[in-house]
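# Working through the structure, step by step
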Amino acid sequence: MAELTPLADTAEPAPGPGTAVRRIAYAGSWGLRAGAVLVRRALLLAAMLAVVFLAVELLPGDAASATSERGDSAADIAARRELLGLDRPLWERFADWMTALPTGDLGTSARGEKVADLLRDPFPNTLMLAGTAFALTAVASIALGCLAAARPGRLTDRVIGHVATSAFAVPDFVVATGLILTLSLWTGWLPAVTVSGPDGDPANWKMLIMPVLALTIPQTGWNTRIVRGALADQAATPHVEAARLDGLSTPRVLLRHALPGALPVIATGLATSTGMLLGGAVVVETLFNYPGIGSVLAGAVASRDTPLIAGAVALAGAAITLVLLAADLIRAKTVGAQR
């Protein structure tokens, strides 16, 4: 997460002659650094997609046999294998798929459907689920971390610390199972499964609550610990000590002096949660029958559908890359401003 280093020699220029030129150079330098980070992220994503192709290739069977109909002969399966291009070398299929990717072409599934069409409706649903969980995680973890830091060593701090550690230690599917038992089967407050409407989206907003909570609770525990630790580090810095000695109130010291300095660490922690939220969403969607890419991926793996799996991974990887890039920019900007 340290790709974007702060620009110590390019701090925000002061007004005066040549200010416009310096600002253009400043923006250009930032653009180049952001572009370099983006290129490295893209190369990492390409390597991950290569691993996906290789992993599916190593699974027993292939898409031709997995999608064959009852009564198909060996000759029919061989013809289908040739039609899907499975008789070609793996590297050649991967190269063709990667060269088409920049144009938005995610290939054709093993059943002859466009991968982009198959993911057009489920992926936004997954983004909505993970995005809502991400926003709630950010708000809850910062609030709880600040509350604990305002009372260091006291009962509130200890309780929040223990609860946060316990929450993070519990896997998403266990949290989801507990929510189904308590909020649906025992109390009947919320539906246990998600029913899709005519447009493919959840038919009712209440169906989002339990999937979002199942993702939010573990990540809130993890990020609360990060926020608490970052604020503890900031509490020992000279400017925070000076603010406290000046007699400023605890909330003012915390929010105006400690929290801004802790933002790079908090942003990094939240960004790393993006991958876990999207990965956890696949499991949670399956448990709640949520209409996202979870069920699509499960079916794609069962049918050894490499283009469909790679398409879902590429979209999720692009979303994670953007969040990580934003965290890098926040970190570089904040650290640079402090110098």
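The model shown is predicted, which means the values in this text are computed figures rather than measured ones.

### As for the pattern of salt bridges
Taken as a whole, this structure holds seven salt bridges when the rule is applied. Close ionic contact of Glu57 with Arg93 constitutes a salt bridge, the shortest N to O distance being 3.3 Å. Note that Glu57 is positioned in helix α1 (residues 19–58) and Arg93 in helix α4 (residues 90–100), a separation of 36 residues in sequence. Under the relative-accessibility criterion, Arg93 is labelled buried at 12%. A salt bridge links Arg88 to Glu92; the nearest nitrogen and oxygen atoms lie 3.2 Å apart. Connected through salt bridges with shared partners, the residues Arg88, Glu92 and Asp96 form a single ionic network.

### Focus: the environment of Thr187
Tracing the sequence through the fold places Thr187 in the loop between α8 (172–186) and α9 (209–235). Overall, the relative accessible area of 36% leaves Thr187 in the partly exposed class. Here the side chain of Thr187 touches Leu183 through a polar contact of 3.2 Å, landing on its backbone oxygen.

### Examining helix α11 (residues 250–288)
Across its 39 residues, α11 extends only 43 Å between first and last C-alpha, which sits more than 12% below the 57 Å expected from 1.5 Å per residue. A bend of about 55° at Leu259 is the largest found in α11, and the proline Pro260 appears one to four places after it. With its phi angle positive at about 55°, Asn289 sits one or two positions after the end of α11.

### Section: the side chain of Thr67
Here Thr67 shows up in the loop between α2 (63–66) and α3 (74–83). Taking relative accessible area as the criterion, Thr67 reaches 5% and is therefore assigned buried. Of note is the side chain of Thr67, whose polar atom sits 2.6 Å from the backbone oxygen of Ala63. The contact partners of Thr67, leaving out residues within four places of it in the chain, are Arg80, Ala110, Arg111 and Ser303.

### Details of the confidence of the model for the chain
Interpretation of the predicted coordinates at a detailed level should be avoided for regions scoring low in pLDDT. Averaged over the chain, the pLDDT score is 85; the fraction of residues at 70 or greater is 93%. A low-confidence stretch, residues 1–12 stays under pLDDT 50, and its non-local contacts, those more than four residues away or across chains, total 34 contacts.

### Some words on the side chain of Thr274
Topologically, Thr274 is positioned in helix α11. According to the relative accessible area criterion, Thr274 is buried, its value standing at 9%. When near neighbours in sequence (up to four residues on either side) are disregarded, Thr274 contacts Phe134, Ile320 and Val323.

### Observations regarding the environment of Pro102
Tracing the chain through its elements places Pro102 in the loop between α4 and α5 (115–120). When its relative accessible area of 72% is taken as the criterion, Pro102 is described as exposed. For Pro102 and Val195, which are 93 residues apart along the polypeptide, the C-alpha to C-alpha distance reads 35 Å.

### Observations regarding the packing of helix α6 (residues 122–150) against α9
Packing of α6 against α9 leaves a shortest axis separation of 7 Å and a crossing angle of 35°. Pair α6 / α9 crosses with right-handed handedness.

### Here we look at the nonpolar core
By size, the foremost hydrophobic cluster in this structure holds 21 residues, and its most contacted members are Leu49, Val52, Trp97, Leu119, Leu308, Ile309 and Ala310. Secondary-structure elements contributing two or more residues to this core are α1, α4, α5, α12 (293–302) and α13 (306–338). The dominant element in this core, judged by the number of residues it contributes, is α13, at six residues. The contacts of Ile309, once residues within four sequence positions are left out, are Val52, Val56, Leu297, Ala300 and Val301. Ranked by size, the runner-up nonpolar core spans 18 residues in total, among them Leu129, Leu179, Ala281 and Tyr290.

### A few points about the packing of α8 against α9
As a packed pair, α8 and α9 sit with axes 9 Å apart at the nearest point and diverge in direction by 135°. Here α8 lies oblique to α9, going by the angle between them. Two packed elements cross with a definite hand, and for α8 against α9 that hand is right-handed. Contact with α8, carried on its side by Asp172, Val175, Ala176, Leu179, Ile180, Leu183 and Ser184, involves Met210, Leu213, Ala214, Leu215, Ile217 and Pro218 of α9 and no other residues of that element.

### Examining a nonpolar patch on the surface
A cluster of nonpolar side chains, contributed by Phe173, Val174, Val283 and Leu287, occupies part of the molecular surface with about 320 Å² of accessible area. Secondary-structure elements contributing two or more residues to the nonpolar patch are α8 and α11. Mapped onto the secondary structure, Val283 falls in helix α11. The exposure class of Val283 is partly exposed, given its relative accessible area of 40%.

Procedures and definitions
- Residues numbered from 1 in each chain as written.
- Predicted model: local features only at pLDDT ≥ 70, side-chain atom pairs only at ≥ 80, totals over all residues.
- Heavy atoms only, no water.
- Salt bridge = Lys/Arg side-chain N within 4 Å of Asp/Glu carboxyl O.
- Helix = DSSP H or I, 4+ residues; strand = E, 2+ residues; numbered from the N terminus.
- Buried < 20%, exposed > 50% of the residue type's maximum accessible area, 1.4 Å probe, protein only.
- Polar contact = N/O pair within 3.5 Å; in protein donor to acceptor, adjacent residues only side chain to side chain.
- Expected span 1.5 Å × (residues − 1).
- Bend = angle between axes of the 7 residues up to and from the residue.
- Contact = heavy atoms within 4.5 Å.
- pLDDT = per-residue confidence, 0-100.
- Axes fitted to C-alpha atoms, helices over the stretch in contact; angles between N-to-C directions.
- Left-handed = near helix turned anticlockwise from the far one by under 90°.
- Core = buried A, V, L, I, M, F, W, Y, C linked by side-chain atoms within 4.5 Å.
- Parallel < 35°, antiparallel > 145°, perpendicular 65-115°, else oblique.
- Patch = residues over 30% accessible without salt bridge, like charges linked within 9 Å, V, L, I, M, F, W, Y side chains within 5 Å.
- Areas by Shrake-Rupley, 256 points an atom, 1.4 Å probe, with all protein chains shown as cover.

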